[in-house]
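The residues making up each chain are set out below.
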Amino acid sequence: MTDRTDVLGVGFDSVTMEEALERAMTLMEEPGAKWMVTPNPEIVWTCRENEKLKKAVEGASLVLPDGIGVVYGAKILGRPLKAKVGGADFAAKLLGIMGQKGKKVFLLGSKPGVAEAAADKMRELYPGLIVCGVNDGYFKDSGPVVEKINEAAPDFLMVCLGAPKQEEWMLDNAPALNVRLMAGLGGTLDVFAGTAKRAPQWMLRLNLEWLYRLCKQPSRIGRMMKLPAFLLAVIAQRLRKG
Ligand code: UDP
């Protein structure tokens, strides 16, 4: 994908939710294992010190801005993105469309039992969707997992191992995988399974999902300190530009 919008060295696709869904469905029709990522400010920041993560993000067929911080960052830099397209919202909508077309999804990640519960919920929410396999995210050797996925031959593989593990996993395993499209989607299976809750609507409307997650899980504070660093770097870059 060319013409990406640069935010601190990470190129984002400036697309609406509808455009993102359309692109994902098109990618699913094309042969070969492709992947997509949804970086938030923390991932953008980590790309500065993690070459492999940067390579995984650069090699993605679709790079969506997950997190209002990226959208603000792009705006401050004078290159506004069309929309925030969060991973969890995107996945829910994509699975709905896949259901209408009878497509197959494989769920990889989270603690044992979570992907099964997420699969039950998805079957209930999206009639027509085929959940063709699940595997938890705490495996040592990727070989047998890749084999299991290849036997199921999904159109879409949800890779929910947390960042940067999931992005690195997709980069490493894409050549061996018999899938059409895969996406790094963090804690999305926990949300479907009900083991994690999304922020209430009013917080989502105010773009405060990050604050909700911090309140629920204060141990995230270390990771979240990358957010002010990200914003300071964006402002510094803007000031240099004049
Ligand atoms: N996880 C996993 N394998 C690991 C580490 C984490 O499957 O080795 C899962 C974890 O159980 C959780 C998800 O990855 O379901 C990470 O969720 P989080 O909300 O932290 O995602 P992030 O904010 O990193 O995208």
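Preceding this section is the structure that the text describes.
Residues numbered from 1 in each chain as written. Predicted model: local features only at pLDDT ≥ 70, side-chain atom pairs only at ≥ 80, totals over all residues. Heavy atoms only, no water.

With respect to the site of the ligand
For the record, the criterion: Proximity is defined per residue: if any heavy atom of the residue lies within 4 Å of a molecule or strand, that residue is considered near it. Definition of a polar contact: a pair of N or O atoms within 3.5 Å, with one able to donate and the other able to accept a hydrogen when the atoms are protein atoms, and with sequence-neighbouring residues admitted only if both atoms are side-chain atoms. Computed by Shrake-Rupley with a 1.4 Å probe, the accessible areas treat only the displayed protein chains as cover when residues are assessed. Only Asp, Glu, Lys and Arg are considered charged, only Ala, Val, Leu, Ile, Met, Phe, Trp, Tyr, Cys and Pro nonpolar, and every remaining residue, Gly among them, polar.
Contacts to the ligand come from 16 residues, most closely from Gly137, Tyr138, Lys165, Asp190 and Arg213. Here cysteine 160 contributes a backbone N or O atom positioned 3.3 Å from an oxygen atom of the ligand. Taking arginine 223, its side chain carries an N or O atom lying 3.1 Å from an oxygen atom of the ligand. Burial of the ligand by the protein amounts to 79% of the accessible area it has alone, namely 550 Å². Grouping the amino acids of the shell around the ligand by side-chain chemistry returns 4 nonpolar, 6 polar and 6 charged.

Remarks on the pattern of salt bridges
Spelled out, the test is: By salt bridge we mean one thing: a side-chain nitrogen of Lys or Arg within 4 Å of a carboxyl oxygen of Asp or Glu. Each helix is a run of H or I in the DSSP string that is no shorter than four residues. Each strand is a run of E no shorter than two, and both are numbered from the N terminus. Relative accessibility decides the category of a residue: with a 1.4 Å probe and only protein chains considered, values under 20% of the type maximum give buried, values over 50% give exposed, and everything between is partly exposed.
Following the criterion strictly, the structure yields 11 salt bridges and no others. Among the salt bridges present, the one from lysine 82 reaches glutamate 19, with a minimum N-O distance of 3.0 Å. Linking lysine 82 in the loop between helix H4 (68–76) and helix H5 (87–100) with glutamate 19 in helix H1 (residues 17–29), this pair joins segments that are 63 residues apart in sequence. According to the relative accessible area criterion, glutamate 19 is partly exposed, its value standing at 30%. Among the ionic pairs, arginine 198 bridges to aspartate 89, the shortest N-O distance being 2.5 Å. Of the two residues, arginine 198 sits in the loop between helix H9 (188–193) and helix H10 (201–205) while aspartate 89 sits in helix H5, which places them 109 residues apart along the sequence. In this structure arginine 198 comes out as partly exposed when scored by relative accessible area, which is 24%. Because the salt bridges share partners, they merge into one network encompassing Arg4, Asp13 and Arg23.

Points about the side chain of threonine 38
We apply this condition: When checking whether two residues touch, look at their non-hydrogen atoms; a contact exists if any pair is within 4.5 Å.
Within the fold, threonine 38 resides in the loop between strand S3 (34–37) and helix H2 (41–47). Take threonine 38: its relative accessible area is 9%, and that puts it in the buried class. Sequence-distant contacts of threonine 38, that is, excluding residues within four places in its chain, are made with Ile43, Leu64, Asp66, Gly87 and Gly184.

A few points about the sheet that holds strand S8 (residues 181–184)
Condition: Think of it this way: DSSP has to see at least two bridges between two strands before they count as a pair.
The strand order across the open sheet built from 6 strands is S4-S3-S8-S7-S5-S6, with neighbouring strands paired in parallel fashion. Single-partner strands in this sheet number two, and they are strand S4 (62–63) and strand S6 (130–135). Across 5 bridges, strand S5 (residues 104–109) lies against S6 in parallel orientation. What sits directly across from leucine 108, in S6, is asparagine 135.

Observations concerning the environment of valine 63
Looking at the element boundaries, valine 63 is found in strand S4. As a C-alpha pair, valine 63 and tryptophan 35 span 28 residues in sequence and 9.2 Å in three-dimensional space.

Let's talk about H1
Definition in use: Here, expected helix span is obtained from the residue count minus one, scaled by 1.5 Å. Note that the arc is defined by the directions from the helix axis to the C-beta atoms.
Taking 1.5 Å of rise per residue, the 13 residues of H1 would be expected to cover 18 Å, and the 19 Å separating its terminal C-alpha atoms lies within 8% of that figure. All buried positions along H1 are accounted for by Met17, Ala20, Leu21, Ala24, Met25, Leu27 and Met28. Along the axis of H1, the buried positions cluster into a sector of 160°, meaning they face one direction only. Turned more than 90 degrees off the buried face of H1, the exposed positions are Glu18 and Glu22. Residues of H1 that are buried sit in contact with S3, S4, H5, strand S7 (156–160) and S8.

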